[in-house]
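Descriptive analysis of the structure
In case you want the letters, here they are:
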Amino acid sequence: MSAPDLLLMIRHCAAGALQREPLDIEARAHAFIAALSGSLEQHDAIAAEMVFSILQQPVKDVPK
């Protein structure tokens with residue numbers, strides 16, 4: 001994930017937390033952390049699936 005993508009994800013999670021909890025700062029912080037954690041976990045799962053599928057491909061002979 002690139003730095004701009006991570007920053008966009010953080011901004012998206014912060015905006016969502018503000019919409020869910022506009023009046024309670026502590027609840028907003030918890031909502032932000034939960035959203036960011038979930039987004040990063042999902043990103044990790046997708047990356048892990050990609051790596052796994054690459055590793056499952058047959059190895060081609062490499063010229064020596």
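Notes on the structure in this doc start here.

Each value, and the rule that gives it
- Residues numbered from 1 in each chain as written.
- Predicted model: local features only at pLDDT ≥ 70, side-chain atom pairs only at ≥ 80, totals over all residues.
- Heavy atoms only, no water.
- Helix = DSSP H or I, 4+ residues; strand = E, 2+ residues; numbered from the N terminus.
- Rg over C-alpha atoms; globule rule 2.2 N^0.38 Å.
- Buried < 20%, exposed > 50% of the residue type's maximum accessible area, 1.4 Å probe, protein only.
- Areas by Shrake-Rupley, 256 points an atom, 1.4 Å probe, with all protein chains shown as cover.
- Lys, Arg positive; Asp, Glu negative; His and termini not counted.
- Charge placed at Lys NZ, Arg CZ, Asp CG, Glu CD.
- Patch = residues over 30% accessible without salt bridge, like charges linked within 9 Å, V, L, I, M, F, W, Y side chains within 5 Å.
- Salt bridge = Lys/Arg side-chain N within 4 Å of Asp/Glu carboxyl O.
- Expected span 1.5 Å × (residues − 1).
- Polar contact = N/O pair within 3.5 Å; in protein donor to acceptor, adjacent residues only side chain to side chain.

Moving on, we get to the overall build of the chain. Assigned secondary structure in the chain consists of two helices and zero strands. Since a compact globule built from 64 residues should have a radius of gyration of about 11 Å, the 18 Å found for the chain marks it as more spread out than a globular shape. Based on the C-alpha atoms only, the size of the chain along its principal axes is roughly 65 × 20 × 15 Å. Going through the 64 residues of the chain one by one, you find that 9% of them count as buried. By element, 64% of the accessible surface of the chain is carried by carbon and sulfur atoms, the whole surface being about 5600 Å². Charged side chains in the chain number 5 positive and 8 negative. The centres of these two groups are separated by 10 Å.

Bringing a nonpolar patch on the surface into the picture now. A cluster of nonpolar residues, M1, L6, I10 and L40, forms a patch on the protein surface that exposes about 300 Å² of accessible area. Summarising the element assignment, M1 is placed in the segment before helix 1 (3–20).

Across its 32 residues, helix 2 (residues 25–56) extends 46 Å between first and last C-alpha, which sits within 8% of the 46 Å expected from 1.5 Å per residue. Regarding helix 2, its N-cap is D24, as a side-chain oxygen of that residue lies 3.1 Å from the backbone nitrogen of E26 further along.

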